[in-house]
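Summary of the model geometry
Spelled out from the first residue to the last, the chains are:
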Amino acid sequence: MHRWSQLFIPTLREAPADAEVASHKFLVRSGYIRQLGAGIYSYLFLGQRALLRVIDVVREEMNKIGQEFLLPAIHPREVWEKSGRWQVMGENMFRLKDRKGGDLCLGMTHEEIVTEIALKDLRSYKQLPQIWYQIQSKFRDEPRPRSGLLRVRQFTMKDSYSFDLDEAGLDVSYQKHYDTYCRIFDRCGLQYVVVEAHSGAMGGSQSHEFMVYTEAGEDMVASCQKCGYAANMEKATSQLAPVQDLPGDGQPEEVHTPGMKTIEDVGKFLGTLPTQEVKTLALMQMEEDKKNPGRQKARPVIVLLRGDHSLNEAKLAGALEGKEFRPMLPEEIVRVFMAPAGFLGPVKLPTASSTALGSETQKILLESLPLVLADNALKGRKNLITGANREDYHLKNVTPLRDFHPTEWVDLRNAAAGEGCPKCGSPLEVGKAMEIGHIFKLGYKYSESMGLRVLDESGKEVTPIMGSYGIGLERILAAAIEQNNDADGFWLPLCIAPFEVLVTPTNVTDAVLLSTAEEIAQKLEAAGFSVLLDDRDERPGVKFKDADLVGIPYRINVGKKVTEGKVEVVSRSTRKSQDANIGDIAATFAQLARP
RNA sequence: CGGGGCGUAGCGCAGCCUGGUAGCGCACCUGCCUUGGGCGCAGGGGGUCACAGGUUCAAAUCCUGUCGCCCCGACCA
């Protein structure tokens, strides 16, 4: 049994001024964590205990599908050079030098390391499939650490890696992780959704994120109540309700729109709807100039969206094959469009069209012309309103493919709440969420680049296919707190709480109360519960406030009613209290906590 | 890296504009008192005012620079 009076549980009456989200405020106030630097935290007694409980759950479930390893946190440069990610990871990688001047880095993920192991010791298809996992600190020099434990530079990750002979095998390993992750998050009491996701820097063909809805989250998720479709906004699509085109079949015609620079202004002025207008965004794509290494080359990118739609930058990044982009500067806009922002449009602009590939010189010429990317929602529309590329003028009767020709049609817009689910058509919901787990089908990216081969049944060399899978363990804790808190503190689900029950004698100077509390704590411990005894010589109010704060799901008050042979059992989440006989406290409590 | 904000006791803040004694609440220590929701009274300890340089007889306060932290954007568990 742990006695509070002997422990270091530095609770705070007030949250630090720079804590914004609930989990951050309460983790600090409850004495779970202390900050050392931006995105660097110490876990104190209660915090570490909760984290260890999370680890227990994760380990128990992972052991059912994989083998636990422990990989190094310091990696030599050479391994990362093999996959090409020494460069790719850029500033996010913590780098250091050893005494001989050799380059090292702190591990931010371990695809290279497991592949290196596989490279040396996987020889035959008979050794496949493999699932290897570890629970270990990861180091990432985040550009912006945030929100307490939500985004930090050192964190604990459960990461696993699968090796299979073929895609069918990968599907099995992937599904195993999917199911295991569901079990883990279910056991941790989290309400989460699994969403289709964007694979990002990991690469690969398919990926799912496990997301917990919370205002503290950094991602937006679109989901359908009816059919269960759910996707990160970076991927989400939707069915659009039909919209009315403007009547007629006239040719583009300039209309005078003095000072009307926004979709709304133009709509009001001309009596049209945003859905009947084209939003023209002027961007510059930035890429390495091959002729002048080290210098950047800019290429105009014109994005066309329906007037009421917004650009999804992740989708655009996908369309530009990951090249960086930025908004055009005012002088660049004038150079490309010969008109100021607010009056831009695609008609009569010299643009790169995919049909016009000719000679080498034409190609070079083409490469400097603006790319025009049109969102699919403009397909089949007619008589739209666009800027006229002349100050104070717009064009009406603009019809795509007649009056302008996009380089490419793509999905670029953000899906929005209320639009139709792409699968079943019922209205989509959009909410903020935080990512707690992510699974990837990596494909051959690492096995190929690092030269992993095994012999198949026929003695032929084949490249194994890989998957990688991660869970942010601190985020499970933070998500649980985001989900379960009120003005006074938070409560953790039983299986990840640092203690399951807190026994609170209201006055320890009363020898009967104290000894009764000790007896109860002993009985509960003997019954297999983890118990914290608040034996501090404090007033009851102080103890109750602390009890509400620190996340322990149940509390037993040992007070006045002891004379009647009774104590109170209080549930932190519901605040419901029930009297229990001291004699059979263990049985009563077990019924409540483990029904 | 772009934009915004903040650095004064463990925590939360005032003081800075208008330069001259470093202050409040909570926490902490001692004693008394009190014991079902951060109780009361009395006494007490704790500060290189982020750092460096400058202006000045004199700098927490004015000027310059640096660093750190937080928030908003591009990245991710």
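Description of the structure in this document. Computed from a prediction, not measured in an experiment: that's the story for all the values here.

**Side note on the protein's contact with RNA strand B**
As a matter of local geometry, RNA strand B sits amid 50 residues, with Arg13, Ala17, Arg151, Arg539 and Asp548 nearest to it. Atoms of RNA strand B within 4 Å of the protein belong to the sugar or the phosphate in 48% of instances, the rest to bases. Separating a sugar or linking oxygen of RNA strand B from a side-chain N or O atom of Arg475 is a distance of 3.0 Å. When contributions to the surface near RNA strand B are tallied by element, the ones reaching two or more residues are β2 (33-37), β9 (154-164), β22 (429-443), α14 (540-549) and β31 (554-558). By residue number, the principal contributor to the surface near RNA strand B is α14, which donates 7 residues. Considering only residue class, the surface near RNA strand B consists of 16 nonpolar, 13 polar and 21 charged.

**Here we look at helix α9 (residues 330-337)**
Taken as a whole, α9 has its buried residues at Glu332, Ile333, Val336 and Phe337. What you see down the axis of α9 is that its buried residues fit within an arc of 105 degrees, all on one side. In α9, the exposed positions angled more than 90 degrees off the buried face are occupied by Pro330, Glu331 and Arg335. Phi turns positive one or two residues past the end of α9, at Met338, with a value near 60 degrees.

**What to know about the sheet that holds strand β28 (residues 501-505)**
Reading across the sheet, the 6 strands line up as β1-β29-β28-β31-β32-β33 and stay open at both edges, with mixed pairing between neighbours. Looking along the sheet, the strands with just one partner apiece sit at the ends: β1 (2-3) and β33 (577-581). Strands β1, β28, β29 (531-533), β31 and β32 (566-571) of the sheet are contacted by helix α13 (residues 511-526), whose axis makes an angle of about 165 degrees with β28.

**Quick look at the packing of α13 against helix α15 (residues 585-593)**
The contact between α13 and α15 brings their axes to 9 Å, and the two run at 55 degrees. Relative to α15, the element α13 lies oblique. Read as a crossing pair, α13 and α15 show a hand that is right-handed. On the side of α13, the interface is formed by Ile520, Lys523 and Leu524, while α15 contributes Ile585, Ala586 and Phe589. Partitioned by chemical class, the residues of the contact of α13 with α15 number 5 nonpolar, no polar and 1 charged.

**Comments concerning the side chain of Ser160**
With respect to the helices, strands and loops of the structure, Ser160 is situated in strand β9. Setting aside its immediate chain neighbours within four residues, Ser160 contacts Met62, Trp132, Tyr133, His177, Tyr181, Gly467, Ser468 and Tyr469.

**Considerations on the pattern of salt bridges**
What the rule picks out here adds up to 44 salt bridges. In this structure, Asp535 engages Arg3 in a salt bridge whose closest nitrogen and oxygen atoms are separated by 3.8 Å. Residue Asp535 is found in the loop between β29 and α14, and its partner Arg3 is found in strand β1; the two are separated by 532 residues along the sequence. Three or more residues joined by partner-sharing salt bridges are found here, namely Asp486, Asp488, Lys545, Asp548, Arg555, Arg572 and Arg575.

**Quick word on helix α6 (residues 167-187)**
Residues separated by three or four positions in an α-helix point in the same direction, a consequence of the helix having 3.6 residues per turn. With 21 residues, α6 extends 30 Å from end C-alpha to end C-alpha; this agrees with the ideal 30 Å at 1.5 Å per step. Those residues of α6 that fall on the buried side of the exposure criterion are Gly169, Leu170, Ser173, Tyr174, His177, Thr180, Tyr181, Cys182, Ile184 and Phe185. Just beyond α6, the residue with positive phi is Gly189, at close to 70 degrees.

**Things to note about the nonpolar core**
A general trend in soluble globular proteins is that nonpolar side chains are found buried together. Grouped together as the largest cluster of nonpolar side chains are 62 residues, with contacts concentrated most on Tyr32, Phe185, Leu190, Phe210, Leu473, Ile476 and Leu492. Sorting elements by how many residues they give to this core places helix α2 (residues 45-62) first, with 8 residues. The residue makeup of this core includes at least three contributed by each of domain 1 (15-237 + 429-481) and domain 3 (499-593).

**Re the packing of aromatic side chains**
Summed over the entire model, instances satisfying the criterion amount to 14 aromatic pairs. Each ring, one from Tyr32 and one from Phe490, has its centre 5.4 Å from the other, and the planes form 70 degrees; the classification is edge-to-face. Here the residue Tyr32 occupies a position in the loop between α1 (22-29) and β2, and Phe490 occupies one in strand β27 (residues 489-491), the gap between them amounting to 458 residues. Ring geometry for Phe529 against Phe589: centres 4.8 Å apart, planes inclined by 75 degrees, an arrangement best described as edge-to-face.

**A look at the layout of surface pockets**
In this structure, the largest pocket occupies an estimated 1700 Å³ of space. Forming the walls of the largest pocket are 48 residues, and the residues nearest its centre are Arg140, Glu142, Arg151, Glu435 and His438. Of all the secondary-structure elements, those providing two or more residues to the lining of the largest pocket are β9, β12 (219-223), β22, β25 (465-472) and α12 (473-483). The element contributing the most residues to the lining of the largest pocket is β22, with 6 residues. Looking at the lining of the largest pocket, its residues break down into 20 nonpolar, 14 polar and 14 charged.

The rules we used
Residues numbered from 1 in each chain as written. Chains lettered and ligands numbered in written order. Predicted model: local features only at pLDDT ≥ 70, side-chain atom pairs only at ≥ 80, totals over all residues. Heavy atoms only, no water. Near = heavy atom within 4 Å. Polar contact = N/O pair within 3.5 Å; in protein donor to acceptor, adjacent residues only side chain to side chain. Helix = DSSP H or I, 4+ residues; strand = E, 2+ residues; numbered from the N terminus. Nonpolar A, V, L, I, M, F, W, Y, C, P; charged D, E, K, R; others polar. Buried < 20%, exposed > 50% of the residue type's maximum accessible area, 1.4 Å probe, protein only. Arc of directions from axis to C-beta. Pairing = 2+ DSSP bridges. Contact = heavy atoms within 4.5 Å. Axes fitted to C-alpha atoms, helices over the stretch in contact; angles between N-to-C directions. Parallel < 35°, antiparallel > 145°, perpendicular 65-115°, else oblique. Left-handed = near helix turned anticlockwise from the far one by under 90°. Salt bridge = Lys/Arg side-chain N within 4 Å of Asp/Glu carboxyl O. Expected span 1.5 Å × (residues − 1). Core = buried A, V, L, I, M, F, W, Y, C linked by side-chain atoms within 4.5 Å. Domains from an automatic or database assignment. Phe/Tyr/Trp six-rings, centres within 6.5 Å; stacked < 30°, edge-to-face > 60°. 1 Å grid on protein atoms, 1.4 Å probe; cavity = no way out; pocket = protein on both sides within 12 Å on 5 of 7 lines; lining within 4 Å. Points joined across faces, edges and corners; volume = space filled by probe spheres on them.

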